[in-house]
Amino acid sequence: MHVRASARSFLLFLVPQSRFSRHVVYLFSFANIRRPLTRPFIHLWSQQGNVTMEQQDTTPEAPSVGNNTATEDTNTGKRKHDEPDLPETGGRGKRRRGAGGKNLRPGERYIPPPQKRNPGVSFSQEHFDETSYYFEGGLRKVFPYYFDFKTYCKGRWIGKSLLEVFKSEFRAESIEYYEKAAKEGRIRLNQSPVEDLSVVLRNNDHMRNTVHRHEPPVISTPLQILVDDGEVLVVDKPASIPVHPCGRFRHNTVIFILGKEHGVSELHTIHRLDRLTSGVLLFARTLETSKKLDQLVRDRQLEKEYVCRVEGEFPEGELICEEPILVVSFKIGLCRVDPKGKECRTVFQRLSFNGKTSVVRCLPLTGRTHQIRVHLQYLGFPILNDPIYGSHAWGPHRGKGGLVGKSDEELLQALVEEHRSQEKLHLLDFMDVCGGAEEAEKTGKTDSDGDKSGKGFPAQAEDCSEKENSIKAALEEHQSLESTEVSRSQSKASDSDQKTPPGIRDHLCSECKLVRPDPTMKELIMYLHALRYKGPDFEYSTQLPDWAKEDWEETDFS
């Protein structure tokens, strides 16, 4: 049996990992071995290895730099070869392409391995400094800024060109926009600028799209900190402000306002409130406190009390609704009463009636997404100013008694059409979905009102069902129609009418060219407020909002 390459492989497997190993490798690398290994030789060689291993156990050896030695990881007992002359390997010993591994074929791209994602999201001063606020007409506004949307190639994109993906899934902007953006280096693939959108996507491709980002305004009411004792942070959240960054919102969120204006960061979310809902919002300061409060939520030991104003005269006394709630779409965050839904229980009690509307106390005993809003709709008393569950898109009865008479897809389309006709489509939360409903259902942090997620890769790149893709297409079509009206809007509006602050306009940004009226206070507030949160050894509460007072009239708010 002749050995050459096979002997070398066999010896590398058996050679003790010591400073003697390089001499053995050197010996057999240059010796023209053409005879079988003899048993005495193997015996002698193994004896040398045993001595070497014992010496290593008693006498630590200083690591040498630049030598082809083997080092041992004392934490795991596994040996790691430091061989700079060999190609870099990864995973299961396979060589990395294009980085010292096998030669790439003509036209083949090197795709780096995917990086591990950080399981936790912590925002720092670097993120807070991306832009700043300004206040105008009772609104908190954000100066437009440049932002990178990032994503890895989705399975359904593999084998398609960037141009095809932009045409089919990113229709908020025209193909001409993406072509110009690519020429200016705003679209990158694996950190390299894309010059030609015909490039075909492959698995693990990392895409980055730099956009000029505009955020919707929110109410300028200051964020009031109720408690900050080192373990929990409790705030009174104004309506219209999302809890955390997602979708179109980033700096106009509770998390970023706390970081930018109060120097508070690294918070743990305990529960969530809808963007249009106001009231008590809890954060944990430490991981230990977060786990403790999470357990209280799972064990249903956290009592929650809400107050709302509904249409019509709500019945006196205590009223309990136990209708199951089904999530129509996790991506969109829309729910309805359905026998196939999850069990729910909400206790209602009327507090006052002013002849037109009623103030109702709400005690959700379960934590389903939009539980309070859906149950009140079912009872025939939708929350005043609820843009979704008070909509006529649900039919003549507006969902009372669970009567809709439409498929889920038809309902979603009707909601979009209604708001489009009123030119208030941007007020819907549909484009603010970031998996909020699904994640909240799994974690129990819906708080009867989950939060949702925009422009760029994150929201639009998610895998959606057929009906979700349909509604997303309708929303993107509306945005596309807005872009086609840009020149017409510009001809009617002077520079003073432009809502984009001067000096930070971007020549490719379609949003910079649009003229949007500011939303009114009524459009930014829904009459639902988280009044009190109570645990076994704590209780946090806020004052009643003005609209919940007995003598309040709707004209006072307009």
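Residues numbered from 1 in each chain as written. Predicted model: local features only at pLDDT ≥ 70, side-chain atom pairs only at ≥ 80, totals over all residues. Heavy atoms only, no water.

Q: Outline the overall build of the protein chain, supporting the account with residue identities and numerical values.
A: Each helix and strand in the protein chain was counted, giving 16 helices and 23 strands. Residues classed as buried in the protein chain amount to 47% of the 558 residues present. Just so you have it, the protein chain exposes about 29500 Å², and 49% of that area is on carbon and sulfur atoms. (Helix = DSSP H or I, 4+ residues; strand = E, 2+ residues; numbered from the N terminus. Buried < 20%, exposed > 50% of the residue type's maximum accessible area, 1.4 Å probe, protein only. Areas by Shrake-Rupley, 256 points an atom, 1.4 Å probe, with all protein chains shown as cover.)

Q: Outline the pattern of salt bridges, listing residues and values.
A: In the structure shown here, the tally under the stated rule is 23 salt bridges. Residue D518 is joined to K141 by a salt bridge in which the shortest nitrogen-to-oxygen separation is 3.1 Å. The exposure class of K141 is buried, given its relative accessible area of 6%. One salt bridge in this structure joins E305 and R532, with 2.5 Å as the shortest N-O distance. Using a relative accessible area of 11% as the deciding quantity, one classes E305 as buried. Judged by its relative accessible area of 24%, R532 falls in the partly exposed class. Connected through salt bridges with shared partners, the residues E305, R361, R532 and E539 form a single ionic network. (Salt bridge = Lys/Arg side-chain N within 4 Å of Asp/Glu carboxyl O.)

Q: An account of the pairing of strand β5 (residues 133-136) is needed here, citing residue identities and associated values.
A: Sheet topology note: the β5/strand β6 (residues 139-142) ladder contains 4 bridges and is antiparallel. In the strand pairing of β6, F135 is matched with R140. The turn joining β5 and β6, which pair antiparallel and follow one another in sequence, is formed by 2 residues; a positive phi near 60 degrees is taken by G137. (Pairing = 2+ DSSP bridges.)

Q: An account of the nonpolar core is needed here, citing residue identities and associated values.
A: Formed by 80 residues in total, the largest nonpolar core has its most connected members in I187, L258, F283, F348 and I383. With residues up to four places along the chain from it excluded, the contact list for I383 reads C308, R309, V310, I372, R373, L376, M526, Y527 and L528. In terms of nonpolar packing, the next biggest core, distinct from the first, is built from 17 residues, C335, V374, I388 and A414 among them. (Core = buried A, V, L, I, M, F, W, Y, C linked by side-chain atoms within 4.5 Å. Contact = heavy atoms within 4.5 Å.)

Q: Lay out the pairing of strand β22 (residues 528-535) in plain terms, naming residues and giving numbers.
A: Across the 8 residues of β22, 6 count as buried, placing the element largely inside the fold. Sheet analysis places strand β15 (residues 278-284) next to β22, joined by 2 bridges and oriented parallel. Each bridged residue has a counterpart across the sheet, and for G279 the counterpart in β22 is A530. In terms of strand pairing, strand β16 (residues 303-311) meets β22 through 6 bridges, oriented antiparallel.

Q: Can you tell me about the sheet that holds β6, naming the residues and giving the values?
A: On the basis of which strands lie adjacent, the open sheet formed by 3 strands has the order β5-β6-β11 and antiparallel pairing. With one partner strand each, in any of the chains shown, β5 and β11 (218-219) form the two edges of the open sheet. The strands that helix α7 (residues 254-262) touches are β5 and β6; relative to β5, the one it contacts most, it runs at about 100 degrees. (Axes fitted to C-alpha atoms, helices over the stretch in contact; angles between N-to-C directions.)

Q: Any details on α7? Residues and values, ideally.
A: Among the residues making up α7, those that are buried are V254, I255, F256, I257, L258 and G259. Buried-residue contacts for α7 involve α4 (125-128), β5, β6, β12 (224-228), β13 (232-237) and β15. Positive backbone phi, at 65 degrees, marks G263, one or two positions downstream of α7.

Q: A description of the side chain of S358 should follow, citing residues and the corresponding values.
A: With respect to the secondary-structure elements, S358 resides in strand β21 (residues 357-364). The buried category is assigned to S358, whose relative accessible area is 0%. Of the polar contacts made by the side chain of S358, one reaches the backbone oxygen of G312; its length is 2.7 Å. At a separation of 3.0 Å, a polar atom in the side chain of S358 contacts the main-chain amide nitrogen of F314. Residues contacting S358, with those up to four places away along its chain left out, are C308, R309, V310, G312, E313, F314, R350, S352 and F353. (Polar contact = N/O pair within 3.5 Å; in protein donor to acceptor, adjacent residues only side chain to side chain.)

Q: I'd love a proper account of helix α8 (residues 287-298), names of residues and values included.
A: Between its terminal C-alpha atoms α8 stretches 16 Å, which fits the 16 Å expected from 12 residues at 1.5 Å a residue. The set of residues buried in α8 consists of T289, S290, L293, D294, L296 and V297. Projected down its long axis, α8 carries its buried residues within an arc of 155 degrees, all on one side. Residues of α8 that are exposed and point over 90 degrees away from its buried face: E288, K291 and R298. For α8, the secondary structure elements touched by its buried residues are β13, β14 (268-269), β15 and β23 (538-541). After α8 finishes, the residue R300 shows a positive phi value of roughly 55 degrees. (Expected span 1.5 Å × (residues − 1). Arc of directions from axis to C-beta.)

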